Amino acid sequence: MTGPGVSDAMAIDAAVERLLVTAGREAVWPATPDLRTSVLARIEAPEAPDLRPGVLTRIDGAPPRRGPAMRALRPLAIAAILVILVAGLAAGLGFSLPGLDLGRTAQTPAATTSPLDLGSPIPVADALAVDRPRVLLPAALPPPDDAYDLGVDDRRIVSLAWTAAPGDPVLDGTDTFLTLMAVPGTTEEPLISKSAGPNVRIEPIDVNGDPGWWITGAPHEIMVLRPDGDIGVLRAAVVGDTLVFSRGGTLYRLESALGKEATLEIARSLR
Amino acid sequence: MADEPSGGSSAPAPDAPVPDRVADPSETALVERARHGDATAFGELVTMHQAAAFRVAYVLTASTAEAEDAAQEAFVKAYLALDRFRAGAPFRPWLLTIVGNEARNRLRARGRREGLADRALAAIRGGATRATTDGSPRPAAAADSPELEVLVGETQAEVRAALRDLGDDERRVVACRYLLGLSESETCAALGIPAGTAKSRLHRGLRRMRESLEAAGVTLEAAP
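Residues numbered from 1 in each chain as written. Chains lettered and ligands numbered in written order. Predicted model: local features only at pLDDT ≥ 70, side-chain atom pairs only at ≥ 80, totals over all residues. Heavy atoms only, no water.

Novice: Just to check I follow, could you spell out the overall build of chain B for this structure?
Specialist: Of regular secondary structure, chain B possesses nine helices and zero strands. Put simply, chain B runs from its N terminus to its C terminus through helices and strands in the order α-α-α-α-α-α-α-α-α. Buried residues in chain B amount to 52% of all 224 residues. The long-range share in chain B, meaning contacts at least 24 apart out of those at least 6 apart in sequence, stands at 66%. Carbon and sulfur atoms form 52% of the exposed surface of chain B, whose accessible area is close to 9700 Å². (Helix = DSSP H or I, 4+ residues; strand = E, 2+ residues; numbered from the N terminus. Buried < 20%, exposed > 50% of the residue type's maximum accessible area, 1.4 Å probe, protein only. Contact = heavy atoms within 4.5 Å. Areas by Shrake-Rupley, 256 points an atom, 1.4 Å probe, with all protein chains shown as cover.)

Okay, structure coming up:
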């Protein structure tokens, strides 16, 4: 599953960086205006005596008084705030899931036959013994043929792969029909980033009550952000149909050559 | 860039994207004094960071006048919100968050104004409007973007051409990291995007630039 040259494509091109750094040095920006004078004039203006740090507190320092009407409305206000918070979280997450940054891009990724480099091969038994991310096995399939890992400690990504029988559909550039990736899932720092071009469809799916997306229609781009904690992209590839969903703090990613229904059935059988 | 005096037009960028900054003790002391109402101390902070604030606002608004207004408003808002600033943290990423928000708000407002004006013109003339449906400003043509305008001269032509091939989102991340010399967290703060999004846009941007440069026949020498 590890394709030659895939890692090469992940390296940031130092020559391009050098050109950009030189360009930055030689850039001619518009002159910076004297903001100090204008800002100080505003915060020191005598007609604005309340412009000081913490201005939102009352000037007399007394706690705000609440009338009976305000006290009665308080539970409603709290409920409204909760609704807004939940709606805001959903809006903020967009397509994304814990562990995954999934967004739209106007550009279609360049075609490639290099599969995603899943990391270093490890014994399947070792993969199944990992606690975080929690690796689940699909009851609908026989045991996996290969296992891989990437990253360390609580930033470890574990993948399983199933080899196709002769004549069965396979993922581009591989001899497998399914890979299952388990990724530590947090909203603060996704380890997986996906970019979907204009011809990619992203359909919401439900995996036994857990939310997810079925990404299909055209290949999309996946990047594994460095799970060792360093800044940057470790691996990238253009991949096909993929199902992603989140369960119990783990993001599961199934790249499949089997179509939506069969892949969803496999996901629902994860134990 | 942060220490560049007012009025400068060409400023050095770091040799490579800078790592995330740690709080400077002298800066922390200034923040503490400003938090207790010392306007002079806050003035020092403005001097230290006005170039970065103005340029980030300029990249986002593509207008020097709007950038000046946005940066000034952001400094005033930062002063008023100093009670909410985490003591000991670096000041610039926090400030750039406010600058980015202010610049984006102004851009949206400008889009709504232009949309309104377009619809009014269309109603008068009976023509089609130019505005977007959500009230956001029309995307500027890449040739007009501020990141490209600051790259002048023959030696910059290749980089300018490769930057022009990028989408707006990718170009802004590349500009923040390399042309403005911001750290990763400062880039995220200024653009209002998560770290993962910034990383993937930067990666895509650099890769596309490399492809454009190679297609243009530019020889990219390997790193020494």
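Novice: Mind showing me how you'd approach the environment of Trp214(A) here?
Specialist: Residue and element names in this part refer to chain A. Along the chain, Trp214 turns up in strand β8 (residues 210–216). Given the relative accessible area of 2%, Trp214 is considered buried. Sequence-wise, Trp214 and Pro204 are ten residues apart; in three dimensions their C-alpha atoms are separated by 6.3 Å. Beyond its immediate chain neighbours, meaning those up to four positions away, Trp214 contacts Arg201, Ile202, Glu203, Ile205, Asp241, Thr242, Leu243, Gly259, Lys260 and Thr263.

Novice: Got a minute to help me understand the packing of helix α3 (residues 35–43) of chain A against helix α2 (residues 39–61) of chain B in this structure?
Specialist: Helix packing geometry: the angle between the two helix axes and the distance between the axes. For the pair α3(A) and α2(B), interaxial distance at closest approach is 9 Å and the crossing angle is 150°. By the angle between their directions, the pair α3(A) and α2(B) is classed as roughly antiparallel. Of the two elements, α3(A) crosses α2(B), and the hand of that crossing is right-handed. Taking contact as the criterion, the partners of Leu35(A), Arg36(A), Val39(A), Leu40(A) and Ile43(A) in α3(A) are, on α2(B), Ala39(B), Thr40(B), Phe42(B), Gly43(B), Glu44(B), Val46(B), Thr47(B) and Gln50(B). (Axes fitted to C-alpha atoms, helices over the stretch in contact; angles between N-to-C directions. Parallel < 35°, antiparallel > 145°, perpendicular 65-115°, else oblique. Left-handed = near helix turned anticlockwise from the far one by under 90°.)

Novice: Where do I start with α2(B) in this structure?
Specialist: Count 3.6 residues to each turn of an α-helix, and residues three or four apart come out pointing the same way. Residue and element names in this part refer to chain B. Taking 1.5 Å of rise per residue, 23 residues should cover 33 Å, yet α2 covers just 28 Å from first to last C-alpha, more than 12% shy of that figure. Roughly 55° is the biggest bend found in α2, and it falls at His49. Counting buried positions over the 23 residues of α2 gives 20, a clear majority of the element. The backbone nitrogen of Thr40 has a side-chain oxygen 3.0 Å away, supplied by the residue at the start of α2, namely Asp38. The first or second residue beyond α2 is Ala62, which carries a positive phi of 60°. (Expected span 1.5 Å × (residues − 1). Bend = angle between axes of the 7 residues up to and from the residue. Polar contact = N/O pair within 3.5 Å; in protein donor to acceptor, adjacent residues only side chain to side chain.)

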